[in-house]
Amino acid sequence: MTVIDHTIVGGPALAQERRLVTPIPGPRSQEFLVRKAAAVAAGVSHTVPIEAVAAGGGVVVDADGNSLIDLGSGIAVTSVGNAHPAVVAAVQDAVAQMTHTCFMISPYESYVAVAEKLNRLTPGDHVKKSALFNSGAEAVENAVKIARRYTGRPAVVAFDHAYHGRTNLTMALTAKSMPYKSGFGPFASEVYRAPASYPFRDGLTGPEAAAKTISLIEKQIGAENLAAVLIEPIQGEGGFIVPADGFLPAIVEWCRANGVVFIADEVQTGFARTGAMFASELFGIVPDLITTAKGIAGGMPLAAVTGRAEIMDATHAGGLGGTYGGNPVACAAAVAAIDAFENEGMLEHAQRIGQLLRTRLEALQSSDPRIGEVRGHGAMVAIEFVDPETKAPDAALTSAIAKTAIAAGVIVLTCGTYGNVIRFLPPLTIGDDLLAEGLDVVAAALAELT
Ligand code: PMP
């Protein structure tokens, strides 16, 4: 196992420190944001008001020379560290060789290498195959296409609090209206919503929650019409909701008994994020299909569907693909990033980060009843803010904490159906001191906002 030197991870050898030389945003960032507002569609908003110019290890540096602690990884993407040296070198080599041939026209080795790695690393020892795409949403769309073709059935079940993307089918699969769906309909048909397990709010055990879900599916859809059940093993955008023990295994068992394809969307939970290579492992489940993206290629756009060979092969030739899917530069990056996941102790890093996060956040919770719950696994941990009396979600406090932390040089992201969750997704290469300092800033924001 290689031990990461936190001072050199990240291409530009960035000092691993929080450094504020101007208010956020500084003058250069302000100028840039004026240009952005004039040139970029208003719907493409941003969380951190800076012009980012470099990132690595556990920091993002802006055009004014501020160095912000990164507790978001560009939404769980730069898990191996931003501009990881091996990813940078692989990209540079690949891009100088060829930028594109289209895998459907003239196939190349790096695509096959990524598929082989995914087939080997994803849960289950059955024979697997993979197909590569550009984004998480595209992977989810293709998983649904494959499940429909395999089963010959139309319906798909998605869950309360689900997030699967912003394309037409994935908007239909996503639960939350604002900002993801509102005004963008009509949505794709044959998508049905089922209750998820949310122990903090539903108070149900895993088997109880599963029984409720299965009953709804049987009564309102009918197994004979159902191609796939699609779920994030830990719901990401919905609020880092960890299902109660036994929920996911019961759903998988029901799917197996009824010829329904079980799809785990591990776009956010995949690649060591949760302290396991895939979150499905934490719950002892083996999905039929698994979708991945985000962390897969160290920041390059790549996504995949991996699963049982007989399901993956049910589609006719030419039925899957796309001009750019599995681009050779992105695949070279993925080969390097996956090697880093396997050989640079990323699972251990995620577990250690998880312990640091939980210890600190649980200590905060014990003296602050506004923190209703601390939950998550590995380097995917969140706190849910509530009214201490009623448990009503406190979105205003959540957004104020995030804004205060960002102004103090710490990038934190919010999430949750009710907008009342702060999520921590640091790069797995962040140093312990930097992480602790980031949490100090969040704690100070909490203390300030009484
Ligand atoms: N599924 C999950 C679980 C996600 O978290 C996301 C992105 N947040 C997506 C799908 C969509 O991925 P992308 O933005 O790459 O389309």
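Structure: above.
Residue numbers restart at each chain and count upward from 1, following the sequence in its written direction. Since the coordinates come from a predicted model, pLDDT governs what is reported: local features require at least 70, and pairs of side-chain atoms require 80 or more to be given and counted, while whole-chain, interface and lining totals use all residues. Side-chain calculation: all heavy atoms of the structure are included, whereas hydrogens and water are not.

A few words on the site of the ligand. Close to the ligand lie Ser-135, Gly-136, Ala-137, Tyr-163, His-164, Gly-165, Glu-232, Glu-237, Asp-265, Val-267, Gln-268 and Lys-294, which account for all nearby residues. Distance and chemistry together define a polar contact, namely a pair of N or O atoms within 3.5 Å, with one atom able to donate a hydrogen and the other to accept it when in protein, and with adjacent residues in sequence counting only for side-chain atoms on both sides. The side chain of Gln-268 places a nitrogen or oxygen atom 2.8 Å from an oxygen atom of the ligand. Out of a free accessible area of 400 Å², the ligand has 82% covered by protein chains. We call a residue near a molecule or strand as soon as one heavy atom of that residue lies within 4 Å of the molecule or strand. Note on areas: Shrake-Rupley with a 1.4 Å probe; residue coverage comes only from the protein chains shown.

Moving on, we come to the packing of helix 13 (residues 395-407) against helix 14 (residues 432-448). The angle between two axes is taken between their N-to-C directions and runs from 0 to 180 degrees, where each axis is a line fitted to C-alpha atoms and a helix contributes only its stretch in contact. The way it works is that DSSP assigns letters per residue, a run of H or I at least four long becomes a helix, a run of E at least two long becomes a strand, and they are numbered from the N terminus. Packing of helix 13 against helix 14 leaves a shortest axis separation of 9 Å and a crossing angle of 130 degrees. Relative to helix 14, the element helix 13 lies oblique. Helix 13 and helix 14 meet at a crossing whose hand is right-handed. Taking contact as the criterion, the partners of Ile-401, Thr-404 and Ala-405 in helix 13 are, on helix 14, Val-441, Val-442, Ala-445, Leu-446 and Glu-448. Of the residues that constitute the contact of helix 13 with helix 14, the class distribution is six nonpolar, one polar and one charged. Every angle not falling under 35 degrees, over 145, or within 65 to 115 is termed oblique; those three ranges are roughly parallel, roughly antiparallel and roughly perpendicular. Crossing handedness follows the turn of the near helix against the far one: under a right angle anticlockwise gives a left-handed crossing, and clockwise gives a right-handed one. Only heavy atoms enter the contact rule, under which two residues are in contact if any of them lie within 4.5 Å. Residues are grouped as follows: Ala, Val, Leu, Ile, Met, Phe, Trp, Tyr, Cys and Pro are nonpolar; Asp, Glu, Lys and Arg are charged; all remaining types, including Gly, are polar.

This brings us to the sheet that holds strand 15 (residues 421-424). Any two strands are treated as partners once DSSP identifies two or more bridges connecting them. One open sheet accounts for four strands, arranged 11-12-15-14; its pairing is antiparallel. Edge positions in the sheet fall to strand 11 (371-377) and strand 14 (413-415), since each has one partner strand and no second. Adjacent strand axes in the sheet meet at a mean angle of 25 degrees when their direction is disregarded. As paired elements, strand 11 and strand 12 (residues 380-385) share six bridges and run antiparallel to each other. Looking across to strand 12, one finds that Ile-371 is bridged to Phe-385. Packing against the sheet, helix 12 (residues 346-367) makes contact with strand 11, strand 12 and strand 15, and its axis sits at approximately 170 degrees to strand 11. This element, helix 13, spans strand 12, strand 14 and strand 15 of the sheet and lies at about 40 degrees to strand 15.

Okay, the pairing of strand 8 (residues 261-265) next. Where burial is concerned, most of strand 8 is hidden: five out of the five residues are buried. For every residue, the accessible area (1.4 Å probe, protein chains only) is compared with the maximum for its type, and the residue is labelled buried under 20%, exposed over 50%, or partly exposed between those bounds. Both faces of strand 8 are covered, namely the face carrying Val-261, Ile-263 and Asp-265 and the face carrying Phe-262 and Ala-264. Inspection of the sheet shows strand 7 (residues 226-231) paired to strand 8 by four bridges, in the parallel sense. Paired with Ile-231 across the bridge in strand 8 is Ala-264. Assignment of crossover handedness uses the view with strands pointing away from the viewer, where a clockwise path from the first strand over the helix to the second indicates a right-handed crossover. With helix 9 (residues 247-257) bridging strand 7 and the parallel strand 8, this β-α-β connection has right-handed handedness.

Picture the strands of a sheet paired through backbone hydrogen bonds; they go either parallel or antiparallel. Reading across the sheet, the four strands line up as 1-2-3-13 and stay open at both edges, with mixed pairing between neighbours. In this open sheet, the two strands that pair with only one neighbour each are strand 1 (52-56) and strand 13 (410-411). In this sheet, strand 2 (residues 59-62) lies alongside strand 1 in antiparallel orientation, the contact comprising four bridges. Looking across to strand 2, one finds that Ala-54 is bridged to Val-61.

Quick look at the layout of surface pockets now. Site definitions follow a grid-based scheme: protein atoms alone, a 1 Å grid, a 1.4 Å probe that fits but cannot get out for cavities, and for pockets an open set with protein on both sides within 12 Å along at least five of seven lines, plus lining residues having an atom within 4 Å of a point. Grid points are joined across faces, edges and corners, and a volume is the space filled by probe spheres set on the points. Reported here for the second largest pocket is a volume of approximately 380 Å³. Tyr-111, Ser-130, Ala-131, Met-312 and Leu-320 are, among the 19 residues lining the second largest pocket, the residues nearest its centre. For the lining of the second largest pocket, the secondary-structure elements that each account for two or more residues are helix 4 (109-121) and strand 4 (128-133). Counting residues per element, the lining of the second largest pocket draws most heavily on strand 4, at four residues. Across the lining of the second largest pocket, the residue classes break down as eight nonpolar, nine polar and two charged.

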